[in-house]
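# Commentary on secondary and tertiary structure
Listed below, chain by chain, are the residues.
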Amino acid sequence: MYNVREVEKDIWWLGASDRRLELFENVYPLPLGMSYNNYVIMDDKTCLMDGIDDAVTRQFMDNLEHVLGGRKLDYMVVQHMEPDHCTCIPQLISKYPEMKIVASQKAVQMISQFYHLQVDAIAVKEGDTLELGHHTLTFCTAPMVHWPEVIVSYETTTGTLFSADAFGAFGAMSGNIFADEVDWDRDWESEARRYYVNIVGKYGVQTAALLKKAAALDIKMILPLHGHLWRQDFGKILDLYTKWASYTPEKKAVAVFYGSVYGNTANAADILAMMLSELGVKDVKVYDVSKTHPSYLLAEAFRCSTLVFASATYNAEIFDSMHTLLVDAKNHNLSGRTVGLIENGSWAATAGKKMAEILGSMKSMTILDPMVKVTSSVDDDTRGKLQELAQALAETVK
Ligand code: FEO
């Protein structure tokens, strides 16, 4: 049975949520599920904006059939060819054979790569338009937000920006599909951050370019492919995106990440956190990198100005889960953070040097003195060094 909502006169939301999927892209945990949005514009011509994930295709097909009400589907705009929006394309072509696909040239090529289909397609580029009757779509390229073929579409009559993956979030929705219908700051901001940082975070330059294009538009509504729809308070999400795209920390805050085998490196991290608190640092959080999934840790690293990495030496290397976090941070182009380092080793400690090497290969990372060396477990000398590091870290968040 259909489950749709008219979000603006003649623009319908046809999305659905999946609460069973464990890992988005088979990588990112989804404790709150995942939502997939798409839309139909009903005008002289009918136009579907994107498809949907396999898991919810049945719901989507019911929704589409209902909204079309027996009319044919004239166009499908494919803004993004990632399969979470496109596995339904063969089924759509079979059900609506007159449908023309509108997409970038790269997306058209990807349709044949993924589905081995030669489709009836109109390839569009920056500034091209599609007239539907009362509505007109203008297409803007948004390469690498999140794949190279991405376009976003601006509907001029209603001021609607169909933003593809941009402004999305992890998490299933519960009928309240507009951001102003939920306590977005309390319940959704962290999953929007984790989504952006992990999915698009590497491509800050490209995201900033899209934000620049968006700033020139008179936007009345933002309709992304995941997460809540925006029809007010655009400043909130645009401000967050401006910070994330430029790798600017949201807060003067300290995140302490530790990788500990038997608890002694964890002890050093906890002592440091206590010292920071005593020095008046209010926003300090400690994370066990073996316990918390790296996608959450990376999101926290984007949020905070100051990061501490405390790692045991393991196989003459950085502790495995800490290594994963550091490489993830580097691969996502994290930059401009102040960093404290703690290493532990019982005979040949190498973790500190190797962590410094990775951080040194990243842009504008400032490593504070001293690097604290723990030999098996914290002693009085080490406590003194931790106090020195705490002083230096506290200075950065005043
Ligand atoms: Fe929601 Fe990049 O796909």
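First, a word on what this report is: a plain description of the structure on this page. This structure is a prediction, so every number in the text was calculated from the model and none was measured.

The rules we used
Residues numbered from 1 in each chain as written. Predicted model: local features only at pLDDT ≥ 70, side-chain atom pairs only at ≥ 80, totals over all residues. Heavy atoms only, no water. Helix = DSSP H or I, 4+ residues; strand = E, 2+ residues; numbered from the N terminus. Buried < 20%, exposed > 50% of the residue type's maximum accessible area, 1.4 Å probe, protein only. Pairing = 2+ DSSP bridges. Core = buried A, V, L, I, M, F, W, Y, C linked by side-chain atoms within 4.5 Å. Contact = heavy atoms within 4.5 Å. Axes fitted to C-alpha atoms, helices over the stretch in contact; angles between N-to-C directions. Left-handed = near helix turned anticlockwise from the far one by under 90°. Parallel < 35°, antiparallel > 145°, perpendicular 65-115°, else oblique. 1 Å grid on protein atoms, 1.4 Å probe; cavity = no way out; pocket = protein on both sides within 12 Å on 5 of 7 lines; lining within 4 Å. Points joined across faces, edges and corners; volume = space filled by probe spheres on them. Nonpolar A, V, L, I, M, F, W, Y, C, P; charged D, E, K, R; others polar. Salt bridge = Lys/Arg side-chain N within 4 Å of Asp/Glu carboxyl O. Phe/Tyr/Trp six-rings, centres within 6.5 Å; stacked < 30°, edge-to-face > 60°.

It is worth spelling out unusual backbone geometry at this point. Residues aspartate 369 and proline 370 are joined by a peptide bond in cis, for which omega reads -5°. If you trace the backbone, proline 370 turns up in the loop between strand E22 (366–367) and strand E23 (372–374). The backbone of aspartate 50 shows a phi angle near 70°, a positive value even though the residue is not glycine. Within the fold, aspartate 50 resides in the loop between strand E8 (46–49) and helix H1 (57–68). Positive phi values are uncommon outside glycine, yet serine 364 reaches one of about 55°. The topology assignment puts serine 364 in the loop between helix H11 (351–360) and E22. A relative accessible area of 53% places serine 364 in the exposed class.

Further remarks concern the pairing of strand E17 (residues 251–259). Consecutive residues of a regular strand have side chains that alternate between opposite faces of the sheet. Counting buried residues along E17, 7 of its 9 residues qualify, which places the element largely inside the surrounding structure. Looking at chain direction, E17 and strand E19 (residues 304–314) are connected through 7 bridges and run parallel. Among the inter-strand pairings, lysine 251 is bridged to a residue of E19, identified as cysteine 304. Across 5 bridges, the pairing between E17 and strand E18 (residues 284–288) is parallel.

The biggest cluster of nonpolar side chains holds 97 residues, and the ones touching the most others in it are Leu64, Leu92, Phe257, Phe309 and Met322. Excluding residues that lie within four positions of it along the chain, phenylalanine 257 makes contacts with Tyr287, Val289, Leu297, Glu300, Ala301, Leu307, Val308, Phe309, Ala310, Met322 and Leu325. With 25 residues, the next largest nonpolar core counts Ala266, Val308, Ile342 and Leu386 among its residues.

Running from N to C, helix H6 (residues 204–215) and helix H7 (residues 234–245) point in directions that differ by 145°, and their axes come no closer than 8 Å. Classified by chirality, the crossing of H7 by H6 is left-handed. Seen from H6, the contacting residues are Gly204, Val205, Thr207, Ala208 and Leu211; seen from H7, they are Leu238, Tyr241, Thr242 and Ala245.

Bringing the packing of helix H5 (residues 189–200) against helix H9 (residues 294–303) into the picture now. Between H5 and H9, whose axes approach to 9 Å, the crossing angle comes to 95°. As summarised for this structure, H5 and H9 are arranged roughly perpendicular, according to the angle between their axes. On H9, the residues touching Glu191, Arg193, Arg194, Val197 and Asn198 of H5 are Ser295, Tyr296, Leu298, Ala299, Phe302 and Arg303.

The next thing to look at is the sheet that holds strand E1 (residues 5–8). Spatially, the 7 strands line up as an open sheet ordered E1-E2-E7-E8-E9-E10-E11, and their pairing is mixed. Looking at which strands have only one partner, the edges of the open sheet turn out to be E1 and strand E11 (121–123). Neighbour-to-neighbour, the strand axes of this sheet turn through a mean angle of 25°, independent of strand direction. As defined by bridge partners, strand E9 (residues 75–78) adjoins strand E10 (residues 100–103) across 4 bridges and the pair is classed as parallel. Its bridge partner lying in E10, methionine 76 is registered against isoleucine 101.

What follows is about empty space enclosed by the protein. As enumerated under the stated definition, the model contains 1 cavity of 30 Å³ or more in all. For the largest cavity, the calculated volume is near 30 Å³. Lining the largest cavity are Cys140, Val152, Leu161, Leu210, Lys213, Ala214 and Leu217. Looking at the lining of the largest cavity, the element that brings in the most residues is H6, giving 3 residues. Partitioning the lining of the largest cavity into residue classes produces 6 nonpolar, no polar and 1 charged.

Below, the discussion takes up the pattern of salt bridges. As a working rule, side chains carrying opposite charge can pair if their charged atoms are close by. Scanning the entire structure with this criterion turns up 25 salt bridges. One salt bridge connects aspartate 10 with lysine 9, and the closest N-O pair in it is separated by 3.2 Å. Given a relative accessible area of 23%, aspartate 10 falls into the partly exposed group. A salt bridge links aspartate 120 to lysine 100, with the nearest nitrogen and oxygen atoms 3.5 Å apart. Linking aspartate 120 in the loop between helix H3 (105–115) and E11 with lysine 100 in strand E10, this pair joins segments that are 20 residues apart in sequence.

Glancing now at the environment of serine 35. Examined against the element boundaries, serine 35 turns out to sit in strand E6 (residues 34–36). For serine 35, a relative accessible area of 1% puts it in the buried group. Taking C-alpha positions, serine 35 is 27 Å from histidine 116, a pair spaced 81 residues apart along the chain. Setting aside residues no more than four positions away along its own chain, serine 35 makes contact with Ala16, Ser17, Gly171, Ala172, Met173, Leu225, His226 and Gly227.

Counting across every chain of the model gives 15 aromatic pairs. Consider the rings of tyrosine 28 and phenylalanine 170, whose centres lie 6.1 Å apart with planes at 35°: the pair is tilted. You can see tyrosine 28 sitting in strand E5 (residues 28–29) and its partner phenylalanine 170 sitting in the loop between strand E15 (160–164) and helix H4 (184–187), a full 142 residues away along the chain. We note that tyrosine 28, like phenylalanine 170, is buried. Ring centres of tyrosine 241 and tryptophan 244 lie 5.3 Å apart, and the angle between their planes is 55°; on these two criteria the pair is classed as tilted.

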